[in-house]
Amino acid sequence: MSPRAGSAGPRPASTHTLAFVESPVQLLNVLEWAHADALRAAGEPTGPASGAGAGAGGPATAPAAGPAHAAGLGADASTAGAAPDAAEAASGPTPGTAGPSPAPGPAPIPEATGPAGGPVPGTAGAVAHTGLTLVVLSPNDPMTRGQLRRMAELARGEGHEVRWEEARGGATAPFHTVGGLAPLLRRAKRIVMGDPFSRYVQLLLTITRARDLVVVDDGTATMEFVSQLARGERLVRWHRRGGRPGPRDLVFAPISASARRRLTPGSGRRVEVFSSMPITETPDGVHVTANDFSWTRARFGPPRLTKGADLVGTSLVETGVVDPDRYLEAVKNLTKTYGATRYFAHRRESTDKLHRLAVETGLEIVRPDLPLELIARRGPIGRTILSFPSTVVHTLPLALVGTEVRVAVCDIDPAWLTATASPRAQGFLSGVTGTARDVHRLSAVSAVSAT
């Protein structure tokens, strides 16, 4: 089995690292990995070794230690075609709903490749990490693009180069993107990726010669990726499992199979998973290191706490897993039972659904302009954070360690699932809740079940 978390093994000296991200959470976790990697290279402590993959049930929670073909690629995009720039003011409130983001930050950055910038104001003492180029494979979804802009600004402030690719800007965009990245891919010594399920990333893996591969968290999907890799299964997102492969899946199957082989440790090939998720089924040879959000805690907070409760939204309705009426009823009951006043929307939640939530529950709908871990760490944030099974039930306790914030999770009632939900949906979601550490399972779960 793999070494315990924190024992990532030897690294090649003077490597150039290329990181591929498609979401704000992925970019955040690349910054966390770069911070931990720089501390490790400098011989500084990065936190306890016990954690994800070590059989401890979760990652370290100690305080921070210091400051081919392009066919089918569009299936991972939120929409087809490029979104107009005017529609991408993604950090404001949802039309027809109330509430700005809780802590407005700097203006959005331009979508262009730029050199490494200086420190972000107020973040003196940042650990330098040279040789990292972050490639943003931009989606079309305006909310995601807005958050990615803000995260890219933070990355530049940390001294990293950021390259913005309009990877889904039209029918020819994949060919331009892959062609433009090919020279970088061939020179890179190390590849960091936020989504091994991404068709884009899988295609790029067939080009690179890098022998050092790192997978950082893409939320709860990381748990499924590691399990599938350990069992030698094809890489399929959890909410799509059990369905029949479509034409695009069949066309892309050889590339996906090649990517899975590249992500399997072998002679001269090192694979690391950097995760805050509970990983118990680790493939032989895969190094698992714990993400304890030390970069986030070193840069932001501690937050000012409010007296009320905040509720975290989920995109389970948008992915076809949970019935929208059942979800609305659950949110209503949670709001009434726990006195929630704000609803932090997931970046993929639809405007129509959020408008309905605002009208029928009275909640203030907040469209965060950064990942919730950073929003919560900056504050203000409620003393109780209510969530359905999602990544944040694992990450928020780490980002908020040392504060008085309580994270509480409401299970998904099987009656809420749609008829088309994957057969694995209930078991996977229950596992997300059951393996979370430092969270409270709501005592009134039955009271919020839709009837």
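Residues numbered from 1 in each chain as written. Predicted model: local features only at pLDDT ≥ 70, side-chain atom pairs only at ≥ 80, totals over all residues. Heavy atoms only, no water.

**Re the pattern of salt bridges**
Rules: Should a side-chain nitrogen of Lys or Arg be within 4 Å of a carboxyl oxygen of Asp or Glu, the pair is scored as a salt bridge. Only protein chains enter the area calculation, which uses a 1.4 Å probe; residues under 20% of their type maximum are buried, those over 50% are exposed, and those in between are partly exposed.
Summed over the entire model, instances satisfying the criterion amount to 20 salt bridges. For Arg270, the salt bridge identified is with Glu272, shortest N-O distance 3.3 Å. The residues Arg270 and Glu272 share a single accessibility class, namely buried. Among the charged side chains, a salt-bridge network with shared partners connects Asp37, Arg40, Arg190, Asp212, Arg270 and Glu272.

**Points about the sheet that holds strand S13 (residues 440-441)**
Going by this rule: Note on pairing: two strands pair once DSSP finds at least 2 bridges between them. Going along the chain from the N terminus, every DSSP run of H or I of four or more residues is numbered as a helix, and every run of E of two or more is numbered as a strand.
With parallel pairing, the six strands of this open sheet are ordered in space as S10-S9-S8-S11-S12-S13. The sheet is open, and its two borders are formed by strand S10 (364-366) and S13, each paired with just one other strand. Here strand S8 (residues 305-312) pairs with strand S9 (residues 340-344) via four bridges, running parallel. Across the sheet, Val312 pairs through a bridge with Phe344, a residue of S9.

**Regarding the confidence of the model for the chain**
Going by this rule: Values of pLDDT, ranging from 0 to 100, describe the predictor's confidence in every residue of the model. Here, residues are in contact when the closest pair of their heavy atoms is within 4.5 Å.
Of the residues in the chain, 71% reach a pLDDT of 70 or more, and the chain-wide mean stands at 76. A low-confidence stretch, residues 1-14 stays under pLDDT 50, and its non-local contacts, those more than four residues away or across chains, total 41 contacts. This stretch, residues 443-451, has a pLDDT under 50; its non-local contacts, to residues over four places away or in other chains, come to 14 contacts.

**A closer look at the nonpolar core**
So the rule is basically this: Buried residues of nine kinds, namely Ala, Val, Leu, Ile, Met, Phe, Trp, Tyr and Cys, make up a nonpolar core once their side-chain atoms join them within 4.5 Å.
Counting residues in each nonpolar core, the largest one holds 49 residues, and the members touching the most others are Leu27 and Leu134. The greatest single-element share of this core, amounting to seven residues, is contributed by helix H1 (residues 24-41). Apart from residues lying up to four places away in sequence, Leu27 is in contact with Val21, Leu134, Val136, Leu148, Met151, Ala152 and Ala155. In terms of nonpolar packing, the next biggest core, distinct from the first, is built from 35 residues, Ala167, Leu184, Ala188 and Leu204 among them.

**As for the packing of aromatic side chains**
Rule in force here: Two rings from Phe, Tyr or Trp (for Trp, the six-membered ring) form a pair when their centres sit within 6.5 Å of each other. Planes less than 30 degrees apart are called stacked, planes more than 60 degrees apart edge-to-face, and all others tilted. Think of it as a cone above the ring: NZ of Lys or CZ of Arg counts as a charge over the ring if it is within 6 Å of the ring centre and within 35 degrees of the ring normal.
Under the counting rule described, the total for this entry stands at four aromatic pairs. The interplanar angle of 85 degrees and the centroid separation of 6.3 Å between the aromatic rings of Phe197 and Phe225 together place this pair among those described as edge-to-face. In this pair, Phe197 sits in the loop between strand S4 (190-193) and helix H4 (199-205) while Phe225 sits in helix H5 (residues 221-231), placing the two residues 28 residues apart along the sequence. Across the pair, Phe225 and Phe197 agree in class, each one buried. Pairing Trp295 with Phe300 gives two aromatic rings, centres 5.9 Å apart and planes at 80 degrees, and the pair type is edge-to-face. Comparing Trp295 with Phe300 shows no difference in burial state: the two are buried. Members of the aromatic cluster, joined through ring pairs, are Tyr327, Phe388 and Trp416. Directly above the ring of Tyr327 sits Lys353, whose terminal nitrogen or CZ lies 4.4 Å from the centroid.

**Focus on the pairing of strand S1 (residues 17-21)**
Within S1, five of the five residues are buried, leaving the element largely enclosed by the surrounding structure. Of the two faces of S1, the one lined by Thr17, Ala19 and Val21 and the one lined by Leu18 and Phe20 are each fully buried. Note that S1 and S4 share four bridges and pair parallel. Across the sheet, the residue bridging to Phe20 is Met193, located in S4. Of the pairings in the sheet, the one linking S1 to strand S2 (residues 132-137) comprises five bridges and is parallel in character. By the bridge assignment for S2, Leu18 is matched with Thr133.

**Re the packing of H1 against helix H2 (residues 142-157)**
Rules: Lines are fitted to the C-alpha atoms to define the axes, a helix being fitted only along its stretch in contact, and any angle between axes, read from their N-to-C directions, falls within 0 to 180 degrees. Here is the rule for angles: anything less than 35 degrees is roughly parallel, anything more than 145 is roughly antiparallel, 65 through 115 is roughly perpendicular, and the remaining ranges are oblique. By convention the crossing between two helices is left-handed if the near helix lies anticlockwise of the far one by an angle smaller than a right angle, and right-handed if it lies clockwise. Each residue gets one label: Ala, Val, Leu, Ile, Met, Phe, Trp, Tyr, Cys and Pro are nonpolar, Asp, Glu, Lys and Arg are charged, and the others, such as Gly, are polar.
Two elements in contact, H1 and H2, have axes whose closest approach is 9 Å; the angle formed by their N-to-C orientations is 15 degrees. The angle between H1 and H2 places the two elements in the roughly parallel class. Crossing angle aside, the handedness with which H1 passes H2 is left-handed. Across the interface between the two elements, Pro24, Leu27, Leu28 and Leu31 from H1 touch Thr144, Gln147, Leu148, Met151, Ala152, Leu154 and Ala155 from H2. The residue inventory of the contact of H1 with H2, partitioned by class, reads nine nonpolar, two polar and no charged.

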